[in-house]
Structure formats: structure tokens, C-alpha cells
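One-letter residues, chain by chain:
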Amino acid sequence: MCYNETEKSSQGGNAALTIKNYARPATVEEALGLLRAKKSNTALGGMLWLKLQDKNVDTVVDLSGLGLDAIEETEEGWRIGAMVTLRQLETHEGLAAFTGGAMAESVKHIVGVQFRNLATIGGSVFGRFGFSDPLTLLLALDARVELAEAGRMSLKDFAASGIRKDILTHIFIPGGKLEAAYLSQRNSATDFPVLTCAVVRREGKVACAVGARPARAARFDDEAGLLAGGVNEESAAAFAEDVARRAVFGSNTRGSAEYRREVCRALVRRVALKLEEK
């Protein structure tokens, strides 16, 4: 389905999103073809970040008809469609049990329920935003992504790539027993985070991801084995110091690089200790 529609979404000043044509394809192949047909064509998910941009779009490709809005548990783990909303992730009982509540914690501070009812996990992951809370947790969970053309790859590799003209269809989280915990630091309850942190322990190995640095999330494994003997105040503090030393931080209006490094020490220590609570 495709028709012509010009829409302007003004965000103050001269900034506006202008859309000339709207298309709602029935298959992923059709959607990819439409997306690639013209340089200015753009995929449409929840449209919560797209509408804030100042750009001209020839054809916006609506992904809502592709059946990508399901959360499924498989023999390998969890298969999450790109059109799954943040609210679905927040309220899904299976993911809550699997992650010990970390999945809900990673999204519940994002603006408000109305926003989370529309915002999609695909938009957050494909956008690779520095402020993305769920990207931080998914990175620590060793998630993989599947794209219509590029195929399946690790989220770590995808986040570092420059892929733009492709369609993210699913996110995969490996199954098995694990402990996960997530925390973020915000200046106010629903503001963008100053820093995000996730720690996951799987089969004795610990992975930590730190986001909103303000660059996108980066993963730091416990290469020195600081938590190999168990998590306690001393080992958690040592691991936090190691991550804070290895991570690169920057400054913006929410905090300086030095402040973020101090917050990192505190968050990583607290999140590591939460693993023992679980």
C-alpha cells in the first residue's frame, strides 16, 4: 500500500519533518526494496524520534504490517521482533523472570507509559543512540540482531557498524541460566540518563555494559577475573574501578566526563552487588 501524503511536524524554529509519500509494505522484501529505492526514503517504526528530525523524506516505509511485534521463547533463547514496544518488554512476564527484572528496569524510566506504548525496540537498537537504556542491557546479554540483507550478527558488531539502509527484523537473546541487573543515573525521573549500567553473569563469566557515556553503550568483560571468586564489597569495588578506568567518557549538558567516571564507579559496584541479591 502506498499513497502520497505531505506532512510537516514542526518542533520550533524552522525545524520540520516533511514526508511526501507513505507506504505500508506487506513483506520484509518489499519494505527493503522501497527503502533502497531512493536515498531519502526512511523506515517508520514508532516515529517518536523520527518526527523530531529536520529532514525531507520522499517515502516513509511503515514497518507495522510485517508481523514483527511478537516476543517468543525458543529452544535457543528469546526472539524479539523489531516492532515490539518498550511497554511490551516492560510487562512481559517471561523476560522478567529470565532477566530477574532487569529488562523492565531498563525501560521503565523512559519518558512515560504513553511513550513506551509507541516506542519500539527496533527503533532504539537500530538508532544506536548513546542514551539508549535497552541497548546497554542487550549488549551485556550478548544479544544478536537480524537484518533483512546483512543477516545475523552480534549486537556489538552491529552497534559499531555504519549500516543504515537495511531493516532490523529481530533481536535474539541467548537462553540459559543467568543473573542480570540494571541501573541508571538520571538528573530527573524521566530525563535522558547521565549513565546506564548493566551487569550479567552467565556460566561464571561476567559482562558489564556502560551506556550514555554520552556515546553509545560499550561492553567490558571481567577479563582480569576480579569477580571469579564471588561478588562482595571488595571485588565489586575492584571491578567497578577496572571498568571506570577502561571506559571512555565525554561531557554534555547532563554531566562532565569526570562526573560520569565517578558515577560509573558507583553504578558498576552497585549493579555487581545486585547479582548476589538475585
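Residues numbered from 1 in each chain as written. Predicted model: local features only at pLDDT ≥ 70, side-chain atom pairs only at ≥ 80, totals over all residues. Heavy atoms only, no water.

A. Expanded view of the pattern of salt bridges. Enumeration over the complete set of coordinates arrives at 19 salt bridges. A salt bridge links E90 to R87; its shortest N-O distance comes to 3.1 Å. Separated by 3 residues within a single helix, E90 and R87 lie in helix α2 (residues 86-91), roughly one turn from each other. Residue R116 pairs with E90 through a salt bridge whose shortest N-O separation is 2.7 Å. Linking R116 in helix α5 (residues 113-116) with E90 in helix α2, this pair joins segments that are 26 residues apart in sequence. We classify R116 as buried; its relative accessible area is 5%. Here the residues in one salt-bridge network are E223, D242, R245 and R246, joined through shared partners. (Salt bridge = Lys/Arg side-chain N within 4 Å of Asp/Glu carboxyl O. Helix = DSSP H or I, 4+ residues; strand = E, 2+ residues; numbered from the N terminus. Buried < 20%, exposed > 50% of the residue type's maximum accessible area, 1.4 Å probe, protein only.)

B. How the structure looks around unusual backbone geometry. Between R213 and the following residue, P214, the backbone shows a cis peptide bond with an omega angle of 10°. For M47, which is not glycine, the phi dihedral falls at a positive 65°. With respect to the helices and strands, the residue M47 is situated in the loop between β3 (42-44) and β4 (55-62). The backbone phi angle of V111 is positive, close to 55°, even though this residue is not glycine. Tracing the backbone shows V111 in the loop between α4 (102-107) and α5. For V111, a relative accessible area of 43% corresponds to the partly exposed category.

C. The arrangement of the confidence of the model for the chain in detail. Averaged over every residue, the pLDDT of the chain is 92; residues scoring 70 or more account for 94%. Counting interchain partners and residues more than four positions distant, the pLDDT-below-50 stretch residues 2-13 has 26 contacts. (pLDDT = per-residue confidence, 0-100. Contact = heavy atoms within 4.5 Å.)

D. Main features of the sheet that holds strand β10 (residues 178-186). The strand order β10-β11-β12-β13 describes an open sheet built from 4 strands, whose pairing is antiparallel. At either margin of the open sheet sits one strand with a lone partner, and together these are β10 and β13 (218-221). Across the sheet, the mean angle separating the axes of adjacent strands is 15° when strand polarity is ignored. Two strands pair when backbone bridges link them, and β10 and strand β11 (residues 193-202) are joined in this way by 9 bridges, in the antiparallel orientation. The residue of β11 that forms the bridge with S184 is T196. This element, helix α7 (residues 133-140), spans β10, β11, β12 (205-211) and β13 of the sheet and lies at about 20° to β11. (Pairing = 2+ DSSP bridges. Axes fitted to C-alpha atoms, helices over the stretch in contact; angles between N-to-C directions.)

E. Region of the structure containing the sheet that holds strand β5 (residues 71-73). Read from one edge to the other, the open sheet built from 5 strands follows the order β5-β6-β9-β7-β8, with strand pairing classed as antiparallel. The two strands at the open ends of the sheet, each matched to only one other strand, are β5 and β8 (151-154). Pairwise comparison of adjacent strand axes, ignoring direction, gives a mean angle of 20° for this sheet.

F. View of helix α9 (residues 233-246). Here α9 spans 20 Å end to end across 14 residues, near enough to the 20 Å set by a 1.5 Å rise per residue. For α9, the complete set of buried residues consists of S235, A236, F239, A240, D242, V243 and A244. Buried residues along α9 sit against β12, β13 and α10 (257-277). Where α9 begins, one side-chain oxygen reaches toward the backbone nitrogen of E234, 3.1 Å away; that side chain belongs to N232. (Expected span 1.5 Å × (residues − 1). Polar contact = N/O pair within 3.5 Å; in protein donor to acceptor, adjacent residues only side chain to side chain.)

G. Structural detail: the packing of α9 against α10. The geometry of α9 relative to α10 is characterised by a closest axis approach of 8 Å and an angle of 140° between their N-to-C directions. Considering the angle they form, α9 stands oblique to α10. As α9 packs across α10, the resulting crossing turns out to be right-handed. Across the interface between the two elements, E233, A236, A237, F239, A240, E241, V243, A244 and R245 of α9 pack against R261, C264, R265, V268, R269, A272 and L273 of α10. Within the contact of α9 with α10, the residues separate by chemical class into 10 nonpolar, no polar and 6 charged. (Parallel < 35°, antiparallel > 145°, perpendicular 65-115°, else oblique. Left-handed = near helix turned anticlockwise from the far one by under 90°. Nonpolar A, V, L, I, M, F, W, Y, C, P; charged D, E, K, R; others polar.)

H. Geometry of the pairing of β11. Burial of β11 is extensive: 10 of the 10 residues sit out of reach of the surface. In textbook terms, the turn of a hairpin is the stretch between consecutive antiparallel strands, and for β10 and β11 this stretch comprises 6 residues. The antiparallel pairing of β11 with β12 creates a hairpin that spans 2 residues between the two strands, and E203 there sits at a positive phi of about 50°.

I. Fine view of the packing of aromatic side chains. Per the counting criterion, the structure on display carries 4 aromatic pairs. Judged by centre distance (5.6 Å) and plane angle (45°), the ring pair of F126 and F158 falls under tilted. Separated by 32 residues along the polypeptide, F126 in helix α6 (residues 121-127) and F158 in helix α8 (residues 155-160) bring together distant segments of the chain. The same class applies to F126 as to F158, namely buried. Geometrically, the ring pair formed by F129 and F131 is stacked, given 5.0 Å between the ring centres and 5° between the ring planes. For F129, a relative accessible area of 23% puts it in the partly exposed group. Note on F131: relative accessible area 27%, which makes it partly exposed. Site record: aromatic cluster; members linked through ring pairs are F129, F131 and F192. For the cation-ring pair, R152 lies above F172, with the distance from its terminal atom to the ring centre recorded as 3.7 Å. (Phe/Tyr/Trp six-rings, centres within 6.5 Å; stacked < 30°, edge-to-face > 60°. Lys NZ or Arg CZ within 6 Å of the ring centre and 35° of its normal.)

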